[in-house]
Amino acid sequence: MRILKFGGSSVGTPERINDVINILRNYLTRGIEIGVVFSAFQSVTDKLISLSKQTLGRNESYKNELEQTKQIHINAIDYLLEEKKEKIAVGKKIIKLFVELEEILNGVYLVKELTPRTLDYIMSFGERLSCTIISEVMNCKGIETEFLDSRLLIKTDDLFGNAKVNFDITNKNIADYFSTHKKIQIITGFIGTTERNETTTLGRGGSDYSASIFGAALNAEEIEIWTDVDGILTADPKKVTDAFSLNAVTYEEAMEMSHFGAKVIHPPTMKPALNKKIPIRIKNTFNPSFEGTEISESNSESNFTVKGISSIDEITLLRITGSGMVGVVGIASRIFGSLARASINVMLITQASSEHSICFAVLPQQGSHSKKLIEEEFKWEIRDGIIDEVIIESGMSIIAVVGENMRHTPGISGKVFQALGKNGINIIAIAQGSSELNISLVIQKENLKKAMNVLHSSLFLSKHKSLNLFLIGPGKVGGAFLKLILERNLYVSEHIHTNIKVVGIMNKRKMFFDENGVDIYNWKTQLENSSQESNIEKFIAHMQKMNMQNSILVDCTANDDVVKYYQEILSSNFSIVTPNKIANTQSYNQFIELRAAAKKHNVEFRYGTNVGSALPIINTLKDLVASGDEIIKIEGIFSGTLSFIFNTLKEKDSFSEVVQIAQKRGYTEPDPRDDLSGLDMARKLLILIRESGVQFELKNIKIEKLISAETENAKSLNEFYEKLKNDDVNIIRRKKNAERQNCVLSYIAKYENGSASLSIEEIDKNHPFASLTNSENIVAFTTKNYKRNPLIIRGQGAGADFTAVGILSDILRISNYLG
């Protein structure tokens, strides 16, 4: 036999009731014996409580609400039954119950008294009404049932509102009754009676409790709790969109998750089933074919070490410290005794082994009162200064990581702490029992949603991470990057197990955000239609407010508008990926401060595209330094622009024409003077010098400019190109001179023995640098280990598409860092 229970949401409308009847019919078709517990129709219990309060306050409007409540039940009968005589017969039974209910409410109105006993009796009408209708409708549809008023069988004490069951009497009553009643029983949940037959209610989760009581008394093979979700989820789907249903959990896991806010099943309701080791299955009325979640004594076939992450959204933390606590017997007893006498429940306790401090969590509304109670209890110790004033911290949340298998698996705590740390979430207090069933953490409430998502990704989706990107500067490089994401997101998801979402974009005019991820196909239209005007400070503030897990700022701008906020962004626990070289080429102190900020806040600052676009130049140099190798010399051509210009110049005799070709193909900076002045390449050399471990400034690099001062100071780009023609003579003369010596011109950067320079050089055609084509870059590292044959990196080193690839590589390195 199985006991099924359907909650208020399952019978919230006549259509849903019909669906439930079809579910029950399916059980009968399969020959499964069932008993069915029902709650009141959705919101009816709340209406009955409201009616009680209105009559107590002599509010005449209760009559209208009573009529509305009656009409809900009459409408259900009209919808569910076709024959008029059937509607009349069932309607009479319902009207009779409402007449009785109205008499009780009138009594409350007249005597102006509402005792817990009377309130229990009034609330009992919800289940009596719903079960009467459902039983009669099923009979009319050819399914033989009996209405079972559980007050006849469930005997309790007289603690009205939360009555305790007398199981000896109740179990015998149920067993005897079912031995002589073979029809399907439609059982009222939530209610019982005292030995004097006074109606009682069973408290929170009462209908679930009723199902558990009947299931245990009848030794059912399974108890099914039908609700509106697909079983027990790994986390609250309102906080964690990737939450999914679990196949099975143990009784203890379910109770732990419920205690910490998971809407699974109220822990005491499981006790009768647990005592008899009867499985409880949580199923979804709106998805009946789904298997749901089984709650049982043990579950050895789990794919997950952790079963769930739940939370208590708001708590207050109190901390007691002082030298007078060390080694003194009874301190804890006095603290918690004073709270217990005031009926204050403590949800979490943690104490340092030194006994110097104790902290604990209570509900927010009990925080100030708890502080007063403890300070009164220890007023003499506080007066003498051996115990400090009680510190109270509000705006906190508790997260519980639950799973029985954690006790057999080392490293879970480390994984939890590391995941939160890398997302800038500080843990304020920690509690873990010796059973290792639960790790409880106190954090700031403002970080709750982010922390839940971080932990869920780390513990359940560790093979599949989610990254949230904020992109500033969707121009040539930024646009190419968005296009690349569109092309490679499926590959990255399937093979690298990383899901990349762009959740914010800003250009010079507009900005917009979408927490669920921007539609990359239509980002231009979305940005254009946005009502939010571009503002870097507001953009950063919104990033911080969104407070999303694994957040990365991608700065594809070419100026310092965003760079000046890097410190703030890193300090707000956002990683940064950028092809922008300015941040790394300001003062050496700023260079160091940025890295220190990233390290302090457990985030990444990635700029692999600063030199050589997608070529692994910076990362290779970092690896050399990390291995302890000594950098002796750096030389190379690591400007794709200047490489293209000088390689193209081999075939052409107009320097200005070649520069224009380079800009049209997207090889130059937005202003080509940054390249031709040597500044862009000097910045790249400076970055490599600093990455080699040397303190160096941009002003210390000797730069031979490719253009005259007059050309460099042109007031506009048009004027610049006009004046650039005047520089053709000098460059072409040097080119022809080189050709006469069987050489070519190259613009080469060098660093050696503390000296750095950029200059035009005539190099032999057999030199490795002379064979470059198009916009290729080349760099040679001469080190202690690579002294005879320098380590050479060569390849395409310019262009928006190549830079986009390098940005993606940096982002995936951050994904690896996040674990």
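Residues numbered from 1 in each chain as written. Predicted model: local features only at pLDDT ≥ 70, side-chain atom pairs only at ≥ 80, totals over all residues. Heavy atoms only, no water.

Undergrad: With reference to specific residues and values, describe the packing of aromatic side chains.
TA: Here the structure, examined in full by the defined rule, presents 17 aromatic pairs. Taking the centre distance of 5.4 Å and the plane angle of 25° together, the rings of Phe6 and Trp226 count as stacked. Here Trp226 lies in strand E7 (residues 222–227) and Phe6 lies in strand E1 (residues 2–6), a separation of 220 residues in the sequence. Take Phe6 and Trp226: they sit in the same class, and that class is buried. Pairing Tyr121 with Phe125 gives two aromatic rings, centres 5.4 Å apart and planes at 85°, and the pair type is edge-to-face. One end of the pair, Tyr121, and the other, Phe125, are both in helix H5 (residues 116–140), four residues apart, so they sit about a helical turn from each other. Of the residues examined, Phe125 reaches a relative accessible area of 0% and is grouped as buried. (Phe/Tyr/Trp six-rings, centres within 6.5 Å; stacked < 30°, edge-to-face > 60°. Helix = DSSP H or I, 4+ residues; strand = E, 2+ residues; numbered from the N terminus. Buried < 20%, exposed > 50% of the residue type's maximum accessible area, 1.4 Å probe, protein only.)

Undergrad: Please set out the side chain of Ser150 residue by residue, giving values where relevant.
TA: Mapped onto the elements of the fold, Ser150 is located in the loop between strand E3 (145–148) and helix H6 (167–180). For Ser150, a relative accessible area of 0% gives the class buried. Within the local environment of Ser150, its side chain forms a polar contact with the backbone oxygen of Thr188, the two atoms lying 2.7 Å apart. At 3.1 Å, the side chain of Ser150 and the backbone oxygen of Ile191 are in polar contact. With residues up to four places along the chain from it excluded, the contact list for Ser150 reads Ile187, Thr188, Ile191 and Phe214. (Polar contact = N/O pair within 3.5 Å; in protein donor to acceptor, adjacent residues only side chain to side chain. Contact = heavy atoms within 4.5 Å.)

Undergrad: Tell me what's going on with unusual backbone geometry, and back it up with residues and numbers.
TA: The phi dihedral of Asn547 falls on the positive side, at around 50°, and the residue is not glycine. Tracing the backbone through its elements, the reader meets Asn547 in the loop between helix H17 (536–546) and strand E20 (551–555). The class of Asn547 is buried, set by a relative accessible area of 18%. Of note, Asn742 is a non-glycine position whose phi angle comes to about 60°, a positive value. You can see Asn742 is positioned in the loop between helix H27 (728–740) and strand E25 (743–752). Classification of Asn742 as partly exposed rests on a relative accessible area of 43%.

Undergrad: An account of the sheet that holds strand E22 (residues 605–606) is requested, with residue identities and associated values reported.
TA: Across the sheet, six strands lie side by side as E19-E18-E17-E20-E21-E22; this open sheet has mixed pairing. Edge positions in the sheet fall to strand E19 (511–513) and E22, since each has one partner strand and no second. Sheet topology note: the strand E17 (residues 465–472)/E20 ladder contains five bridges and is parallel. The residue of E20 that forms the bridge with Leu469 is Ile552. With respect to the sheet, H17 is in contact with E17, strand E18 (498–506), E19 and E20, its orientation differing from that of E17 by roughly 165°. (Pairing = 2+ DSSP bridges. Axes fitted to C-alpha atoms, helices over the stretch in contact; angles between N-to-C directions.)

Undergrad: So what's going on with the pattern of salt bridges? Residues and values would help.
TA: Inspection of every chain in the model, using the stated rule, returns 49 salt bridges. Across the pair Glu377 and Arg341 runs a salt bridge whose closest N-O atoms are separated by 3.4 Å. Remark: Arg341 occurs in helix H10 (residues 331–341) and Glu377 occurs in helix H11 (residues 367–377); sequence separation between them is 36 residues. Taking the relative accessible area as the measure of exposure, Glu377 reaches 25% and is therefore partly exposed. Of the residues examined, Arg341 reaches a relative accessible area of 64% and is grouped as exposed. Each of Arg117, Asp158, Arg196 and Glu198 takes part in one network of salt bridges that share partners. (Salt bridge = Lys/Arg side-chain N within 4 Å of Asp/Glu carboxyl O.)

Undergrad: Lay out the sheet that holds E3 in plain terms, naming residues and giving numbers.
TA: One open sheet accounts for eight strands, arranged E3-E4-E2-E1-E7-E9-E10-E8; its pairing is mixed. The two strands at the open ends of the sheet, each matched to only one other strand, are E3 and strand E8 (248–250). For this sheet, the mean angle separating the axes of adjacent strands, direction not counted, is 20°. Where E7 and strand E9 (residues 280–284) come together, five bridges link them in parallel fashion. Looking across to E9, one finds that Ile225 is bridged to Ile282. Across the sheet, helix H8 (residues 251–259) touches E8, E9 and strand E10 (293–296), and the angle it forms with E8 is around 85°.

Undergrad: Account for helix H19 (residues 588–600), with residues named and values stated.
TA: Helix length check: H19, at 13 residues, gives a terminal C-alpha distance of 18 Å against a target of 18 Å (1.5 Å per residue), a fit within 8%. For H19, the set of buried residues is Tyr588, Phe591, Leu594, Ala597 and Ala598. Of the surrounding elements, those touching the buried residues of H19 are helix H18 (566–571), E22 and helix H24 (679–691). Asn602 lies just past H19 and shows a positive phi near 55°. (Expected span 1.5 Å × (residues − 1).)

Undergrad: Before we move on, can you summarise the packing of H10 against H11 with the specific residues and values?
TA: Relative to each other, H10 and H11 sit at 130°, their axes nearing to 9 Å. In terms of axis orientation, H10 runs oblique to H11. You can see that H10 and H11 cross each other, and the crossing is right-handed. Two secondary-structure elements touch here, H10 through Arg334, Ile335, Ser338, Leu339 and Arg341 and H11 through Ser370, Leu373, Ile374 and Glu377. When its residues are assigned to classes, the contact of H10 with H11 shows four nonpolar, two polar and three charged. (Parallel < 35°, antiparallel > 145°, perpendicular 65-115°, else oblique. Left-handed = near helix turned anticlockwise from the far one by under 90°. Nonpolar A, V, L, I, M, F, W, Y, C, P; charged D, E, K, R; others polar.)

Purely geometric numbers; function is a separate question.
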